Amino acid sequence: MSMLTPPGMGGQYRITGDKYPRMRPSRRRGRLAAAAVASVAVLGLLGWGTVQLIDVFTGGSGGTTAAGRTTDCRTEAARSAGTGLAPAAQAKSLPAPGRITVNVYNATPRSGLAKKTADELRRRGFRIGKVGNAAKAYDKKVKGTGLLLGSPAAQDTSLRVLATQLSGAERRADARKSADLDLIIGDAFKDLTRRRTADQALTTLTAPGATAPVKKTC
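Since the structure is predicted, the reported quantities are computational estimates derived from the model, not experimental observations. (Residues numbered from 1 in each chain as written. Predicted model: local features only at pLDDT ≥ 70, side-chain atom pairs only at ≥ 80, totals over all residues. Heavy atoms only, no water.)

Peer 1: Is there a simple way to explain the overall build of the protein in this structure?
Peer 2: Per the secondary structure count, the protein includes 5 helices and 7 strands. Written out in order from the N terminus, the α and β elements of the protein read α-β-β-α-β-α-β-β-α-β-β-α. Relative to its full complement of 218 residues, the protein shows a buried share of 26%. Look at the contacts in the protein between residues 6 or more apart in sequence, and 69% of them connect residues 24 or more apart. Carbon and sulfur atoms make up 57% of the accessible area of the protein, which amounts to about 15500 Å² in all. (Helix = DSSP H or I, 4+ residues; strand = E, 2+ residues; numbered from the N terminus. Buried < 20%, exposed > 50% of the residue type's maximum accessible area, 1.4 Å probe, protein only. Contact = heavy atoms within 4.5 Å. Areas by Shrake-Rupley, 256 points an atom, 1.4 Å probe, with all protein chains shown as cover.)

Peer 1: Help me out: how do you make sense of unusual backbone geometry in this one?
Peer 2: Note: most residues except glycine have negative phi, and most peptide bonds are trans. One non-glycine residue, K140, lies in the positive phi region at around 60 degrees. As for its position among the elements, K140 is in the loop between β4 (127-133) and β5 (146-150).

Peer 1: Looking at this model, I keep getting lost on the sheet that holds β4. Mind explaining?
Peer 2: Whether parallel or antiparallel, the strands of a sheet pair through hydrogen bonds between backbone atoms. Pairing is mixed across the open sheet formed by 5 strands, whose spatial order is β4-β3-β7-β5-β6. Taken across any chain shown, the strands that pair with only one partner, and hence form the sheet edges, are β4 and β6 (170-173). Recorded for the sheet is a direction-independent mean angle of 20 degrees between the axes of neighbouring strands. As paired strands, strand β3 (residues 101-106) and strand β7 (residues 181-185) are joined by 5 bridges and run parallel to one another. Each residue of the ladder has a partner; that of N106, found in β7, is I185. Packing against the sheet, helix α3 (residues 113-123) makes contact with β3, β4 and β7, and its axis sits at approximately 155 degrees to β3. (Pairing = 2+ DSSP bridges. Axes fitted to C-alpha atoms, helices over the stretch in contact; angles between N-to-C directions.)

Peer 1: How should the side chain of E120 be read in this particular structure?
Peer 2: Its place among the elements puts E120 in helix α3. The class of E120 is buried, set by a relative accessible area of 18%. Those residues in contact with E120 that lie beyond four places of it in its chain are L192 and R195.

See below:
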């Protein structure tokens, strides 16, 4: 009788041989668990790769903030308006030459320049006001091509339009309240800017899309 046979249990209940039952878990169950973990990892990698490919082909318009929230570049650009990072606001609407009245004065010793210049400005669509010699405060004292005078409100509007017609002219504000402008011809004056060049400058200045460059921040 074997030593493993309980007392009183002989015959068919006798345990023989030198192999004994194993009491550890089956290897098959461990393999199944490892396979499940590996499958989850593979699926995660595939999902991450898909997101990266979408960003590549769509330009990656979205970003993730430090708090984990996804943001959009367009939203950030709109939010940062006024901070200097967003596209500049469109320029103020500029008046057409036909709505600008220009007084033309000659501050040089050469005669006839005021009338000749006024006639050319009229042909280019500007309204002409007074024409004559410059006041004593400016007579023979303007050394450049010319001096453009207007009210403070005209500096970023009508005076910019007039400046396209005379290259190198100085722009200056005075105490006037009226909307008319003065063009005072200086010693270095030869002629107005070539009409074609002036028209191109005016078109660029008044183009609806003439804004500052957009700076992408994300």
